[in-house]
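# Descriptive structure summary
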Amino acid sequence: MIVVFGASSDLGRRVAGSLLDAGKSVRLVAQNPWALDLRAERFKGGAEQAASATQGAQVVISCAHARHTQTLLDNLAPEVGRIVLTGSAWCNSMVPDPRADEVRAAEAVFLRSGRKGVMLHPTMIYGGSHENNLRRVFETIRRSPIVPLPGGGKHRVQPIHIDDMTASIFAASGRDWSGPAVIHVAGPRPFPWRAMVAECMDAIGTRRPTLHVPLAPAIAALKFANRIRLPIPIEPGILERFRESVNVSIETMQAELGVTPREFSVGIRQALAGWGSFQQSGQAAKGPVT
């Protein structure tokens, strides 16, 4: 029996589908599980109910936020042999953020537990129905005559398609781990954020001129607006992360999980096909993409 927590999330639904398609016995745990896959057992609850939810389970997968790790580990049924947890590459960020702290704390708890299993730290996941990062990029491309590039879009990103993350979790659930492990999962290679934006433009057949937005004054302005309690469109920390580049080796991902991630140029078009609403671009604007 494999128990999946966070089963109502987009990632959880995909993981559950992969397991069920492979003929696995699956129990899905969610606050509202009744709309989930009818092929699986369904259990109403969360990490606090893990003692009951994991009865008879050999494997536990959590697609829920890493902040639930401590509670989940404290309540697992004794027969659980291995666990697969979802973290985030955000744990590598040097920008102060409580959400990144939660992931780092969860990793430390897991490693101290001695539990057999793995915590997977994905970079930015794209392609799912619940993700907003690239949807915001597409909305900007579609609605704005000029696309702003914070810091010139020089910082490097390495997004991973949701189906490659799903495949990584599926592979990890079938592996016999000797103890707690941590693996970073990512797209095939890092590339500049501005190149990602250009690829998004190409994917919908729309061209827009871009504008280099210097980071330092933009961050200072947002922090000032925060201090005087003005409404702001984004948090300063989001812009501060544009100073950080992602560079994740996928050698361990490939060697331990047997997953080779798809190229972004392929994945973004698959994502658009799934989203539907972005498939048709309007009239393309003329202008260079810098």
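Right, let's walk through the structure included here.

Cut-off values and rules
Residues numbered from 1 in each chain as written. Predicted model: local features only at pLDDT ≥ 70, side-chain atom pairs only at ≥ 80, totals over all residues. Heavy atoms only, no water. Helix = DSSP H or I, 4+ residues; strand = E, 2+ residues; numbered from the N terminus. Rg over C-alpha atoms; globule rule 2.2 N^0.38 Å. Buried < 20%, exposed > 50% of the residue type's maximum accessible area, 1.4 Å probe, protein only. Contact = heavy atoms within 4.5 Å. Areas by Shrake-Rupley, 256 points an atom, 1.4 Å probe, with all protein chains shown as cover. Lys, Arg positive; Asp, Glu negative; His and termini not counted. Charge placed at Lys NZ, Arg CZ, Asp CG, Glu CD. Core = buried A, V, L, I, M, F, W, Y, C linked by side-chain atoms within 4.5 Å. Pairing = 2+ DSSP bridges. Axes fitted to C-alpha atoms, helices over the stretch in contact; angles between N-to-C directions. Arc of directions from axis to C-beta. 1 Å grid on protein atoms, 1.4 Å probe; cavity = no way out; pocket = protein on both sides within 12 Å on 5 of 7 lines; lining within 4 Å. Points joined across faces, edges and corners; volume = space filled by probe spheres on them. Nonpolar A, V, L, I, M, F, W, Y, C, P; charged D, E, K, R; others polar.

### Concerning the overall build of the chain
Across its full length, the chain carries 11 helices and 13 strands. Whereas a compact globule of 290 residues would reach a radius of gyration of roughly 19 Å, the chain reaches 20 Å, a difference of no more than 12%. Counting over 290 residues, the chain shows a buried share of 47%. Contacts in the chain between residues at least 24 apart in sequence constitute 74% of all its contacts with a sequence separation of at least 6. Split by element, the accessible area of the chain, about 13,900 Å² in all, is 52% carbon and sulfur. In the chain, 33 side chains carry a positive charge and 24 a negative one; their mean positions are 6 Å apart.

### Section: the environment of Ala-40
Note on placement: Ala-40 falls in the loop between strand E2 (26-30) and strand E3 (41-44). In the structure, Ala-40 is positioned 83 residues away from Thr-123 in sequence and 29 Å away in space, judged by C-alpha atoms. Excluding its chain neighbours within four sequence positions, the residues that come into contact with Ala-40 are Leu-20, Val-26 and Leu-28.

### Remarks on the nonpolar core
One finds Val-4, Leu-28, Ile-61, Leu-120, Ile-169, Val-185 and Leu-257 to be the most contacted residues of the largest nonpolar core, which totals 33 residues. Those elements that provide at least two residues to this core are strand E1 (2-5), helix H1 (10-21), E2, strand E4 (59-62), strand E6 (117-122), helix H6 (162-173), strand E11 (180-185) and helix H10 (251-257). Considering every element that reaches this core, the biggest residue donor is H1, with five residues. If near-sequence neighbours (up to four positions away) are discounted, Ile-169 is found in contact with Leu-11, Val-15, Ile-61, Cys-63, Val-84, Thr-86 and Leu-120. Of all hydrophobic cores here, the second largest spans 23 residues; its members include Ala-53, Cys-91, Ala-106 and Val-109.

### Thoughts on the sheet that holds strand E5 (residues 82-86)
Across the sheet, which stays open at both edges, the seven strands sit in the order E3-E2-E1-E4-E5-E6-E11 with parallel pairing between neighbours. Each edge of the open sheet carries a strand with a single partner, namely E3 and E11. With direction set aside, neighbouring strand axes in the sheet form an average angle of 15°. Taken strand by strand, helix H4 (residues 98-113) contacts E5, E6 and E11, and its axis lies near 165° from that of E6.

### A short note on helix H5 (residues 133-143)
The periodicity of an α-helix, 3.6 residues per turn, causes residues three or four places apart in sequence to face the same way. Turning to H5, its buried residues are Leu-134, Val-137, Phe-138 and Ile-141. One side of H5 holds all its buried residues, which, seen down the axis, span an arc of 95°. Of the exposed residues in H5, the ones pointing more than 90 degrees away from its buried face are Arg-136 and Arg-143. Contact partners of the buried residues in H5: strand E7 (125-126), strand E8 (147-150), helix H7 (193-203) and helix H11 (264-275).

### Looking at the layout of surface pockets
Estimates place the volume of the second largest pocket at around 190 Å³. Forming the boundary of the second largest pocket are 15 residues, of which Gly-6, Gly-46, Ala-47, Ala-64 and His-68 lie nearest the centre. When the residues that make up the lining of the second largest pocket are grouped by side-chain class, the tally is six nonpolar, eight polar and one charged.

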